[in-house]
Amino acid sequence: MGLAYTHRTIIKATLRADASANFRADLDSALTSANWSIIRSVTNGKVYESVAAPVSTLKLRLLVQDSGAGGLINFQVLSADETVSGIVHTILTGNGLVPTYQTIVGCSQMFLSIPGRVTTPVLGHQSSSFACGVPSLPYGTAGPFCVAEGALPLITDCWWSCGPGDATFFYAPDFRSAPRCFVQYCFSVNRVVTVAPDSVDPTQGMLGLFFLSPTNNIDYSIYVAVPIITYAIGAPLYIDALIGWLWQIQGQLWDAFQQTNAQPLDTIAVFQDSDVYGRTFTFPAQVWMSSYYSSLRLLTQSPSAGGEMAYIYGGGARG
Amino acid sequence: MITDPFAIAFSPARKYQQAAPDQFSIISALASMLPACGWTVTALYYGSCSIDYQTGFPAVTGPPIDPKRIVGCSSPAFVTVGSEGFTPYNPFTEQPAVGAPCNFFALDVVSFVGLQNLASAITAATGFDATAVSVAGPHLRLDLVAKLPGPIGNAVGVQGDGRWGLSTNGQTVGGGYQWESAAGAATYRVAATYQINFAASLSFDFLINGNLPLQNYSISMSGNNAGSVDRYSILTNGYGFVIFDGPDTQSGYPYRAVSLMAMAPYRPPITDPQIPKYEIFDTSAYAVFICGAGSFRSQTSWYGPGVTTSLDGDANTYANKGGFPRILAFRAPGPPLLTQSGVPLVMGAYVMFGQGPLSSAYVIGKLYDCAIVHAQVTGILIIQGQRFLPISSQGGNNAGTATTLMMCIPPAHAGSSGTCNFLLTAVIRLTGDPWTADMVGGPITIGGKPYVVTIFRDDENIQVNDDTVVQLGLPWSIP
């Protein structure tokens, strides 16, 4: 495959966390700057709607609302017609220990976390990050390296969300800390919402980014893990941010890719790509998640050039 | 392109055939397949055998006595080589019977000369060059070496009379070849020669990075300790080969010695258009690995016994740790990993391994002609219009990732040709080899245009992916 560029506005912003209102105001600015629309206001919150990415009609809605319980902000994804909804994720504000959050918002997805940290410094709380989005679907753009078999299903609704939850002592990994989400996640396909089982078994088909690994049981407690880097050079492989659940690839994150080893968290580097016409372009990308087998890089700006349409896919083949 | 499309790295040539489970057939198959894929023959081995005359060789004395006595063939023969028997006679008193069904040789007053006469008779009548050798005192020896290299000089029965001479093996052994893999990846050598052993195994002697692996590799020919050995499947390209028959384990036979894989991975250069510019591989690394019996067929991560790697160093053999070879896949423990279209994900096969049991493992490159399918697959799959055969696989039980390593094989009936009538949905064979069902999904060229076979009806009626053509007497061929 290749990167799924939206070529739409990407906003990287800092959110004040000193008070719920400031946090919500800064987030509102980030979302609307990324052209999310405000559907309506609710008590101490709003319902937003994402923008359909090019060559897509899919959207999600996002409820952001102060829970009324000690600075906890609720995040809940709704289908675009609001007939179904996901689980409620929380972000903690106003505690004095987390001065700011950071967010990267694109037209079809948003990521939110504490800068420079994976988990919260707040003892007895886990509400430190949240992410949601509509994945990029293949739309029949199969390339020469695909096994172009099977039929693409008709998708009228598809979204996901994850966060570590607000349990006292149990941290549920999400896309800020790991390519696989545990417990506190949900996803929807055609308005059928699946909520994470209360389990931490990797064989459950959890929401995740598909990362490269050896084929044996790398989750076995005594398995000696090795990073996926090239011999003598130490370079990681660069792979698409394929996202899926229940043992099926559902799509890929927009404006994102993975490297197959741990990169320094939150560092930004500039990368160069080219489109199918051979035109090169550059973009910065931030390490949003750094783990042993996978580092997720999110574009913090859309590419410098390369056309207005989304389906340039980096010149690589889709498969 | 910034992310890896996981393209399959195809090599210039591939071969596939099945062979009977005997040493002659396997060596013969490799002898035809490997050079056709770019391997070079680096050594010729000739089948040989000796007859030892430890207490001496018979001699005769004169004077001549006429008329000489007519003698026939001795039974048993003084020496037997294959179907040829050799009978001595005393040239002073005896004369061979004309038309006797054996070969005669003259004894001599000097034992060594008599042995030389025997050697000459054998050389003249068989496929072996025989040489008389004086060992020490009366101790003589007759050495037989096949005139032609390879397996043809093997397993030929050689017997002495049991009184004067004893055959060292009872048959000729050692015939075969050594080959060197093609340039384009790390080169290594492997020899296959006929040997006599309890399990009738065929041994493979590797020379990797100039040294021998600690592990000896062989596959069973007889079924001894291997259950029923039907026919070996042999797949080759310029950089490796795979031989197997069924699984490594069968009921009652948990340690079948029926599989062997050796491969030098493709190390992508920066000029490879299917490699992102940020992925950098060491293109000068010496990297070869071998997976032997019991380690290979039921896994795609090879930490079992009989695994050897060489990575810029000597060959090392493994236990269950360190830099053992492993194929990369998208982590999906349990059921097969499907694409959005509901079919298993397929991609090129990256391999990683290390220097030894105490080392880490690294991504070396891709296995030529190999694809990793995220499901357990049996039978041939068509991938990118090419036929792929499963060579090892594992399920998703035990929290592994369900995967099958598949290797590309040539199209069915590759190289065959003939003429046909193209009649819309039916292509009717007029001349050429009969068509078979395994052509479906594979290529066929008709009238100079490439098509894909979509339906097999019988050995002279197929359908291809174009049902608009009506033309008679077109040439067809399979590339």
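Above this text is the structure in question.
This write-up is about the structure you can find in this document. (Residues numbered from 1 in each chain as written. Chains lettered and ligands numbered in written order. Predicted model: local features only at pLDDT ≥ 70, side-chain atom pairs only at ≥ 80, totals over all residues. Heavy atoms only, no water.)

**Thoughts on unusual backbone geometry**
Omega for the peptide link from Asp66 of chain B to Pro67 of chain B comes to -10°, which places this bond in the cis form. Position of Pro67 of chain B relative to the elements: it lies in the loop between strand E3 (48-53) and strand E4 (69-71). Put simply, Ser75 of chain B and Pro76 of chain B share a cis peptide bond, and its omega is 0°. If you trace the backbone, Pro76 of chain B turns up in the loop between E4 and strand E5 (79-81). Even without a glycine there, the phi angle at Glu82 of chain A is positive, about 60°. The phi angle at Gln384 of chain B is positive, at roughly 50°, despite the residue not being glycine. (Helix = DSSP H or I, 4+ residues; strand = E, 2+ residues; numbered from the N terminus.)

**Structural notes on the packing of aromatic side chains**
According to the stated counting rule, one finds 45 aromatic pairs over all chains in the structure shown. One aromatic cluster is present, built from ring pairs that chain together Tyr5, Tyr238, Phe257, Phe271, Phe281 and Phe283 of chain A together with Tyr278 of chain B. Here the basic side chain of Arg176 of chain A rests over the ring of Trp288 of chain A, its NZ or CZ set 5.0 Å away from the ring centre. One residue, Arg326 of chain B, lies across the ring of Phe324 of chain B, its end atom 3.8 Å from the ring centre. (Phe/Tyr/Trp six-rings, centres within 6.5 Å; stacked < 30°, edge-to-face > 60°. Lys NZ or Arg CZ within 6 Å of the ring centre and 35° of its normal.)

**Observations concerning the interface of chain B and chain A**
Listed per partner, the contact involves 58 residues of chain B and 56 residues of chain A. Summing the contributions of chain B and of chain A, the shared interface buries around 4,800 Å²; its carbon and sulfur component is 62%. Here chain B is connected to chain A by 1 salt bridge. Between Asp219 of chain A and Arg331 of chain B there is a salt bridge; the shortest N-O distance is 2.5 Å. The greatest single-element share of the side of chain B that touches chain A, amounting to 5 residues, is contributed by strand E23 (residues 326-330) of chain B. For the side of chain B that touches chain A, a count of residues per class yields 35 nonpolar, 16 polar and 7 charged. Sheet topology note: the strand E14 (residues 212-214) of chain A/E23 of chain B ladder contains 3 bridges and is antiparallel. (Contact = heavy atoms within 4.5 Å. Buried area = accessible area lost by both parts, 1.4 Å probe. Salt bridge = Lys/Arg side-chain N within 4 Å of Asp/Glu carboxyl O. Nonpolar A, V, L, I, M, F, W, Y, C, P; charged D, E, K, R; others polar. Pairing = 2+ DSSP bridges.)

**Let's talk about the environment of Thr126 of chain B**
Residue and element names in this part refer to chain B. Following the sequence through the fold, Thr126 ends up in the loop between helix H2 (111-125) and strand E9 (128-136). Of the residues examined, Thr126 reaches a relative accessible area of 12% and is grouped as buried. It is 30 Å that separates the C-alpha atoms of Thr126 and Ser220, two residues lying 94 residues apart in sequence. Filtering out sequence-adjacent residues up to four positions away, Thr126 remains in contact with Val81, Glu84, Phe86 and Lys147. From its side chain, Thr126 meets the backbone nitrogen of Phe128 in a polar contact 3.1 Å long. (Buried < 20%, exposed > 50% of the residue type's maximum accessible area, 1.4 Å probe, protein only. Polar contact = N/O pair within 3.5 Å; in protein donor to acceptor, adjacent residues only side chain to side chain.)

**Brief notes about the state of the cysteines**
Inspection of every chain in the model, using the stated rule, returns 1 disulfide over all chains. Disulfide partner of Cys73 of chain B: Cys102 of chain B, at an S-S distance of 2.1 Å. Here the disulfide of Cys73 of chain B and Cys102 of chain B is left-handed, its torsion about the S-S bond being about -100°. Placement of the pair is Cys73 of chain B in the loop between E4 and E5 and Cys102 of chain B in the loop between strand E7 (94-96) and strand E8 (103-106), with a sequence separation of 29 residues. With relative accessibility at 14%, the residue Cys102 of chain B sits in the buried group. Just so you know, Cys132 of chain A is unpaired, no disulfide at all, and the nearest cysteine sulfur is the one on Cys162 of chain A, 8.7 Å from it. In this structure Cys158 of chain A is not part of a disulfide, and its nearest cysteine sulfur, from Cys186 of chain A, lies 12 Å away. (Disulfide = S-S within 2.5 Å.)

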